[in-house]
Amino acid sequence: MIFLWAFLIGGAICVIGQLLMDVCKLTPAHTMSTLVVSGAVLAGFGLYEPLVDFAGAGATVPITSFGNSLVQGAMEEADQVGLIGIITGIFEITSAGISAAIIFGFIAALVFKPKG
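Residues numbered from 1 in each chain as written. Predicted model: local features only at pLDDT ≥ 70, side-chain atom pairs only at ≥ 80, totals over all residues. Heavy atoms only, no water.

Backbone geometry at Lys25 places phi at a positive 60°, although glycine is not the residue there. Relative accessible area serves as the criterion here: at 66%, Lys25 is assigned to the exposed category. (Buried < 20%, exposed > 50% of the residue type's maximum accessible area, 1.4 Å probe, protein only.)

Time to look at the packing of aromatic side chains. One pass over the structure, following the stated rule, counts one aromatic pair. Taking the centre distance of 4.8 Å and the plane angle of 50° together, the rings of Trp5 and Phe54 count as tilted. Within this pair, whereas Trp5 is found in helix H1 (residues 2-22), its partner Phe54 is found in helix H3 (residues 48-55), the two being separated by 49 residues in sequence. We classify Phe54 as partly exposed; its relative accessible area is 43%. (Phe/Tyr/Trp six-rings, centres within 6.5 Å; stacked < 30°, edge-to-face > 60°. Helix = DSSP H or I, 4+ residues; strand = E, 2+ residues; numbered from the N terminus.)

With that settled, consider the packing of H3 against helix H5 (residues 64-80). Where H3 meets H5, the closest approach of the two axes is 11 Å, and the angle between their N-to-C directions is 130°. The angle between the axes of H3 and H5 places the two elements in the oblique class. Here H3 and H5 pass one another in a crossing that is left-handed. Two secondary-structure elements touch here, H3 through Tyr48, Glu49 and Val52 and H5 through Thr64, Ser65, Asn68 and Gln72. Residue composition of the contact of H3 with H5, grouped by class: two nonpolar, four polar and one charged. (Axes fitted to C-alpha atoms, helices over the stretch in contact; angles between N-to-C directions. Parallel < 35°, antiparallel > 145°, perpendicular 65-115°, else oblique. Left-handed = near helix turned anticlockwise from the far one by under 90°. Contact = heavy atoms within 4.5 Å. Nonpolar A, V, L, I, M, F, W, Y, C, P; charged D, E, K, R; others polar.)

Turning to the nonpolar core, a few remarks are in order. Grouped burial of nonpolar side chains is what soluble globular proteins tend to show. One finds Ile9, Ile13, Ala43, Tyr48, Val52, Ala55, Ala59 and Val71 forming the largest nonpolar core, which totals eight residues. Mapped onto this core, the elements with two or more residues apiece are H1 and H3. Among the elements that take part in this core, H3 stands out by supplying three residues, more than any other. Setting aside anything within four residues of it in sequence, one finds Val52 in contact with Ala59, Thr60 and Asn68. (Core = buried A, V, L, I, M, F, W, Y, C linked by side-chain atoms within 4.5 Å.)

In the predicted model, the protein chain carries a mean pLDDT of 93, and 99% of its residues have values of at least 70. The lowest-confidence element of the protein chain is helix H6 (residues 84-111), averaging 90 in pLDDT; the highest-confidence one is H1, averaging 97. (pLDDT = per-residue confidence, 0-100.)

This part takes up a nonpolar patch on the surface. On the surface, Ile103, Phe104, Phe106, Ile107, Leu110, Val111 and Phe112 cluster together into a nonpolar patch covering about 810 Å² of accessible area. Along the polypeptide, Phe104 turns up in helix H6. On the basis of relative accessible area, Phe104 is assigned to the exposed category, the value being 57%. (Patch = residues over 30% accessible without salt bridge, like charges linked within 9 Å, V, L, I, M, F, W, Y side chains within 5 Å. Areas by Shrake-Rupley, 256 points an atom, 1.4 Å probe, with all protein chains shown as cover. Salt bridge = Lys/Arg side-chain N within 4 Å of Asp/Glu carboxyl O.)

What follows concerns the state of the cysteines. Tallied over the full model, the rule gives zero disulfides. Sulfur of Cys14: no disulfide; nearest cysteine sulfur belongs to Cys24 and is 16 Å away. (Disulfide = S-S within 2.5 Å.)

Listed below in structure tokens is the structure:
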């Protein structure tokens, strides 16, 4: 049952993204930004963590989880350090994902012939 809910919730998030591009005619960059911001807003209201508890990877794999991570990192560090913790928490929590994207993107550019 866990896999079914992960599939349904993750698929629903992807369907929302596809509808934003097809119906609303948003570019992929606008769609990605919208999904990240929506994940951050849901996390700010405390609604994303229950979704993660319910759907597991269906809620942690899509890009909305990045917005959730940004807010969670900012809130944790703000509680510990104060106002400056908002900025440092964002980078502390998401640095591994951002670093991996840069490194693997660089490796892919070396291995494959990029277009353009």
